[in-house]
Amino acid sequence: MKTQKQNHFATEAEAELAEAPIHGDILQAIFSHVPLIDLVPASHVSTAWNRAVFSSLRHFNKIKPWLIVHTQRARSPHVTTTHAYDPRSNLWIKINQPSIDYVAALRSSHSTLLYMLAPSKLLFSLDPLNLTWHHVDAPPVWRKDPIVAMVGHYVIIAGGACNFEDSPLAVDMYNVETRAWESCENMPAILKDSAASTWLSVAVNSDKFFVAEKFSGLTYSFNPQTKSWYGPYDLRPAGQNILFSVIAFAGNRLILVGLTGFAGNVQSVKVWEVKGEWLEECKEIGEMPQPLVGKLKGSCCLASIEATAMEDVVYIHNPSNPEELVRLEMDEGNCEWGSIKNVVVNDGSRIMDRFVFSCSSVGMGDLCRALMHKNRRFSVKEIDH
């Protein structure tokens, strides 16, 4: 239902269009230059504008996955702030909202899942703009730095147990539909010394999740339907000296992002697509241009990377140098690389804050729902080139 102000705006706009009509193609082209957050009110002006907005998004300047950067203050009261980068508009947006209720350190997993795990409680959110948080009892085994993944309606927590009497390979699974925890087969014994999110990279598709050791590339998969582990798989291509790698799903494609070279001397950052029944096929998608590798390094060394992906977009960052980000867009075999200045990072935040990265497919409907919340507002932040 339109407000009185919206009706007034719509009436004036329609009157102006009647006096000086803008043809559909021209209007669509104009909307292709308008930031996504500003297209929401524009789509409510009139039926013609609504049609032009959505046609522009389909044919002129399509919606692309957003990179979401959450900062959490390291000291009490652990205030969190949220910023988003919209590649369609090349804009940073500050999302003004109440701080997330703190129960533990905020973490992310497989691009879209945000969570906080405390001894008595698990909080998680999966929707694009994290409007909804689910509060459930903690798993039977208390863990520190476990792997957390959501596959379908299951939340899986694996490894990371910190009590001496508990197995460091224990796996518990929360069924969102039955609201109950279930015990599963333990993680493979070979992962005993690396069964934590610090050492393992996670990727999730519709029916299973994969964990890969970041230094060795050793990979296993877990199926929540059978509650069992499968593998091992060797994702890394032969003949490549890969020092460190992470995995992610970009759309339906399992990708591997790796640092090649020698210890203390990274030569390149490459991306491969991995497929096959036994994940035996590894095809190189692209190599990061050297100037962007230099930006990732900054004044620090490039010893590790993290990647978050959605659809055909991959965001890569160096945990030791979060002020520079790299974006990879994959389109029909072509790779488009670009750098992004992380406007969230400054001298103060670099010391006082934790940075948590996630990636979301944010659509018009998601923005409409967010704007309906009185305590959420969006403001554009300028990029300092």
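Reading the values: the criteria
Residues numbered from 1 in each chain as written. Predicted model: local features only at pLDDT ≥ 70, side-chain atom pairs only at ≥ 80, totals over all residues. Heavy atoms only, no water. Helix = DSSP H or I, 4+ residues; strand = E, 2+ residues; numbered from the N terminus. Rg over C-alpha atoms; globule rule 2.2 N^0.38 Å. Contact = heavy atoms within 4.5 Å. Areas by Shrake-Rupley, 256 points an atom, 1.4 Å probe, with all protein chains shown as cover. Lys, Arg positive; Asp, Glu negative; His and termini not counted. Charge placed at Lys NZ, Arg CZ, Asp CG, Glu CD. Buried < 20%, exposed > 50% of the residue type's maximum accessible area, 1.4 Å probe, protein only. pLDDT = per-residue confidence, 0-100. Pairing = 2+ DSSP bridges. Core = buried A, V, L, I, M, F, W, Y, C linked by side-chain atoms within 4.5 Å. Axes fitted to C-alpha atoms, helices over the stretch in contact; angles between N-to-C directions. Phe/Tyr/Trp six-rings, centres within 6.5 Å; stacked < 30°, edge-to-face > 60°. Salt bridge = Lys/Arg side-chain N within 4 Å of Asp/Glu carboxyl O.

*Asks:* Is there a simple way to think about the overall build of the chain in this case?
*Replies:* Secondary structure assignment for the chain yields seven helices and 25 strands. Relative to the compact-globule value of 21 Å for 385 residues, the chain shows a C-alpha radius of gyration of 22 Å, a close match. When its C-alpha atoms are laid out on the principal axes, the chain stretches across 75 × 45 × 45 Å. If you take every contact in the chain between residues at least 6 apart in sequence, the share linking residues at least 24 apart comes to 48%. Of the roughly 18,600 Å² of accessible surface on the chain, 51% is carried by carbon and sulfur atoms. One way to put it: in the chain the 35 positive side-chain charges average out to a point 5 Å from where the 41 negative ones average out.

*Asks:* Even after reading the chapter, I still don't get the environment of N90, so can you show me in this structure?
*Replies:* Following the sequence through the fold, N90 ends up in the loop between β2 (80-86) and β3 (91-96). Its relative accessible area of 37% is what places N90 among the partly exposed residues. As a C-alpha pair, N90 and I156 span 66 residues in sequence and 35 Å in three-dimensional space.

*Asks:* I'm lost on the confidence of the model for the chain in this one. Help?
*Replies:* In low-pLDDT segments, the atomic positions of the prediction should not be examined closely. Looking at the chain, pLDDT values average 89 and 90% of them are 70 or higher. Note that residues 1-10 has pLDDT below 50 and, in this model, seven contacts with residues that lie over four places away or in other chains. Confidence drops under pLDDT 50 across residues 15-20; counting only partners more than four residues distant or on other chains, this segment forms two contacts.

*Asks:* I'm lost on the pairing of β3 in this one. Help?
*Replies:* Pairing analysis gives five bridges linking β2 to β3, with the strands arranged antiparallel. When the sheet's bridge partners are listed, H83 is paired in β3 with K94. Joining the antiparallel neighbours β2 and β3 is a turn of four residues, in which N90 adopts a positive phi near 55°. Two elements, β3 and strand β25 (residues 377-381), share five bridges in a ladder whose sense is antiparallel. The partner of I93 across the bridge, within β25, is V380.

*Asks:* Would you explain the nonpolar core in this entry?
*Replies:* Note that soluble globular proteins tend to have their nonpolar side chains buried in a common cluster. Formed by 25 residues in total, the largest nonpolar core has its most connected members in V257, M288, I305, V314 and I316. Sorting the residues of this core by element identifies β16 (242-250), β17 (253-262), β18 (265-275), α5 (290-297), β20 (306-310), β21 (313-318) and β22 (321-331) as the ones contributing at least two each. With four residues, the top contributor of residues to this core is β16. Contact partners of V314, with chain neighbours within four places excluded, come to A250, I255, A307, T308, A309, V326, R327, L328 and M330.

*Asks:* Explanation requested: the sheet that holds β2 in the structure shown.
*Replies:* Strand order in the open sheet made by the five strands is β24-β1-β2-β3-β25, with antiparallel pairing throughout. Each edge of the open sheet is held by one strand with a lone partner, namely β24 (353-360) and β25. The sheet shows a mean angle of 25° between the axes of neighbouring strands, direction not considered.

*Asks:* Mind showing me how you'd approach the packing of aromatic side chains here?
*Replies:* Centre distance and the angle of the planes are the two values used to describe a pair of aromatic rings. The final tally for this structure, using the stated rule, is ten aromatic pairs. Ring centres of F209 and F222 lie 5.7 Å apart, and the angle between their planes is 50°; this geometry places the pair in the tilted category. With F209 in strand β13 (residues 209-213) and F222 in strand β14 (residues 218-223), the pair connects residues that are 13 residues apart, well separated along the chain. Neither residue differs from the other here; F209 and F222 are each classed as buried.

*Asks:* How do you make sense of the pairing of strand β6 (residues 121-125) when you look at a structure like this?
*Replies:* Along β6, four of the five residues are buried, which leaves the element largely enclosed by surrounding structure. As paired elements, strand β5 (residues 113-118) and β6 share five bridges and run antiparallel to each other. When the bridges of β6 are listed, Y115 appears paired with F124. The loop that links β5 with its antiparallel partner β6 comprises two residues. Looking at chain direction, β6 and strand β7 (residues 134-137) are connected through four bridges and run antiparallel.

*Asks:* I keep staring at the pattern of salt bridges and nothing clicks. Help me out?
*Replies:* Opposite charge on two side chains permits them to pair, given that their charged atoms come into close proximity. Here the structure, examined in full by the defined rule, presents twelve salt bridges. Across the salt bridge formed by K270 and E284, the nearest N and O atoms sit 3.9 Å from each other. Within this pair, whereas K270 is found in strand β18, its partner E284 is found in strand β19 (residues 281-287), the two being separated by 14 residues in sequence. Here K270 falls in the buried class, since its relative accessible area comes to 13%. In this structure, E324 engages K341 in a salt bridge whose closest nitrogen and oxygen atoms are separated by 3.5 Å.

*Asks:* I tried to follow unusual backbone geometry on my own but got confused; where do I start?
*Replies:* Trans peptide bonds make up the majority, and among non-glycine residues the majority have a negative phi. The omega torsion of the bond from S76 to P77 falls at 15°, within 30 degrees of zero and hence cis. Tracing the sequence through the fold places P77 in the loop between β1 (66-73) and β2. For the bond from G231 to P232, the omega torsion is 10°, close enough to zero to count as cis. Residue position: P232 is located in strand β15 (residues 228-234). The residue R179 is not glycine, and still its phi comes out positive at about 55°. You will see that E311, though not glycine, has its phi angle at about 55°, which is positive. Tracing the chain through its elements places E311 in the loop between β20 and β21.

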